[in-house]
Structure formats: C-alpha cells, structure tokens
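Below, each chain spelled out in residue letters.
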Amino acid sequence: KARERTEIEQLREQLREAQETLEAIRRGEVDALVVNGPQGDQVYTLRGADYSARMLLQEMSEGAATLIPDGSILYCNKRFADMVRLPHEKVIGVPAREFVAPADRQAYDVLIRRGQNHLAKAELLFCASDGTPVPTYCSVKAISIGDEPCLCMVVTDLAEQKRNEEIIAAARLASSILEQAAEIIVVCDSAGTIIQAGREADDSPVPLPPFE
C-alpha cells in the first residue's frame, strides 16, 4: 500500500507539472520545448514565422483579436484584454459579441457580415466585464489562418478622445455664455488674476475693482 501511495503521488506530481506546462504555453510564456526521446534531447521551438507579428500585436496601443467563423475569440492581445478588463486567458474562446453593449449588438452583427467580404469599420460601444462602457472604433477584415477562414478585428479605445471632446464642448459653452451674458462676468484664478471676462466687462465704462 505504501508503494501504491508513492506511485499515486508521483503521478499527481507529473500531472501537475504537465498542467503547468500547458498553461504556460497557452499564456505565451514558452518559446521552446526540450523533449527527451530515443534519439536524445530534441528541441521543439514555438517561435514560428508569426512570432514577430505576435510580438508586434502585443505592443500595439489598439486592441486586436482574431475571430473564428462563429465569432469566438481565437486570439487577442493584451490591450484588448485590458479594454474588457479580463485576464487574457479568460477572453480566449468567448464570443466577441458578448463584449459589445446590447444596444450596439445589431450594428456589430452588420459589421461582422460586411467584414467577411471587405474591410468594414464602425463605432461601437463595448462593455467591460465590470460594466464600464468603452466607446470604440472597430475595423474588421477577413483573413485566413492555414486553410481556416477567420476575421481580424482591431479595436481603438475612444474614451480619451470622447473626454477631450466633452472638455472642448464645455469650454465652448462657457465661452458662449460669457460672450452672451448681459451681466458683467469675470473668471479669476486662485491668485485673483482675471483670466477671462465677458463682453460686458470689456465694454463697461466703470473700471473694475482689483480682486482680493
């Protein structure tokens, strides 16, 4: 019985090592394997011709994903995983449509259909795993991996651009209010220096008192 327990423990350890190796390969942490066989140690490299392309994709500022015909994610780069706020390994195999906000899923379906024939682009609202809305600009194009038809999807996060547009719009609104106001309106910084004034303040015959 002691011997059987020892063998069971050894098998468990081997299984654990095999599982850890497979997980490392899935995460892209393994570049080559050394396998001991009848002819001695043999090295099997995982760095194929697409290694440089994969490394480039990982460094992109845009999200990138490869979709199989049913819409499931075959591969995605780190930026895409960050956008949907999930670990990379939990994104693989998930239908990309699930990351699109419900209101934009019909537009997503149209984008995917068009992308099967030619380059298609559209603005879509994604929804991260924690519920955060992510405005995006998506490009989809058909590609082939081996003999298998796939889709390449590049997703640009528009959140920062949208925030800048809102800031600019707010500034324009504030400027318009200053220009149209009938009252004398001035804007001062924390030191009391006038940094902006409405038209009435410029036209006022009465000099403005110093701000204290």
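Residues numbered from 1 in each chain as written. Predicted model: local features only at pLDDT ≥ 70, side-chain atom pairs only at ≥ 80, totals over all residues. Heavy atoms only, no water.

1. Points about the overall build of the protein
Point 1. Helix and strand counts for the protein come out as seven helices and nine strands.
Point 2. When each of the 212 residues of the protein is scored for burial, the buried share is 24%.
Point 3. The long-range share in the protein, meaning contacts at least 24 apart out of those at least 6 apart in sequence, stands at 28%.
Point 4. Surface accessibility of the protein: about 14,800 Å² in total, with carbon and sulfur atoms responsible for 54%. (Helix = DSSP H or I, 4+ residues; strand = E, 2+ residues; numbered from the N terminus. Buried < 20%, exposed > 50% of the residue type's maximum accessible area, 1.4 Å probe, protein only. Contact = heavy atoms within 4.5 Å. Areas by Shrake-Rupley, 256 points an atom, 1.4 Å probe, with all protein chains shown as cover.)

2. Considerations on the side chain of Thr136
Point 1. Here Thr136 lies in strand 6 (residues 133–145).
Point 2. Polar contacts involving the side chain of Thr136 include one to the main-chain carbonyl oxygen of Leu124, which spans 2.8 Å.
Point 3. Setting aside residues up to four positions removed in sequence, Thr136 forms contacts with Met83, Ala122, Glu123, Leu124, Phe126, Val155, Thr156 and Leu158. (Polar contact = N/O pair within 3.5 Å; in protein donor to acceptor, adjacent residues only side chain to side chain.)

3. Description of the packing of aromatic side chains
Point 1. Counted under the stated rule, the structure contains two aromatic pairs.
Point 2. Between Phe80 and Phe99, the ring centres sit 6.2 Å apart and the planes meet at 80°, which makes this aromatic pair edge-to-face. Here Phe80 is found in helix 3 (residues 78–83), whereas its partner Phe99 is found in the loop between helix 4 (88–91) and helix 5 (105–115), with 19 residues between them in sequence. Taken individually, Phe80 and Phe99 each receive the classification buried, so the pair is uniform in this respect.
Point 3. On the numbers, 6.4 Å between centres and 85° between planes, the contact of Phe80 with Phe126 is edge-to-face. Of this pair, Phe80 sits in helix 3 while Phe126 sits in strand 5 (residues 120–127), and the two are 46 residues apart along the sequence. Each member of the pair, Phe80 together with Phe126, is buried.
Point 4. Ring pairs connect the aromatic residues Phe80, Phe99 and Phe126, which therefore count as one cluster. (Phe/Tyr/Trp six-rings, centres within 6.5 Å; stacked < 30°, edge-to-face > 60°.)

4. Thoughts on the side chain of Thr66
Point 1. With respect to the helices and strands, the residue Thr66 is situated in strand 3 (residues 63–67).
Point 2. Those residues in contact with Thr66, other than ones at most four positions away along the chain, are Ser72, Ile73, Leu74, Tyr75, Ile143, Ile145, Cys150 and Leu151.

5. Here we look at the confidence of the model for the protein
One rule of thumb: low pLDDT means the predicted coordinates there are not for detailed reading.
Point 1. Here the protein averages 75 in pLDDT, and 57% of its residues register 70 or above.
Point 2. Predicted confidence is poor over residues 204–208, with pLDDT under 50, and the contacts of this stretch with residues over four places away or in other chains come to five contacts. (pLDDT = per-residue confidence, 0-100.)

6. Points about unusual backbone geometry
Point 1. Even without a glycine there, the phi angle at Arg85 is positive, about 55°.
Point 2. Within the secondary structure, Arg85 is located in the loop between helix 3 and helix 4.

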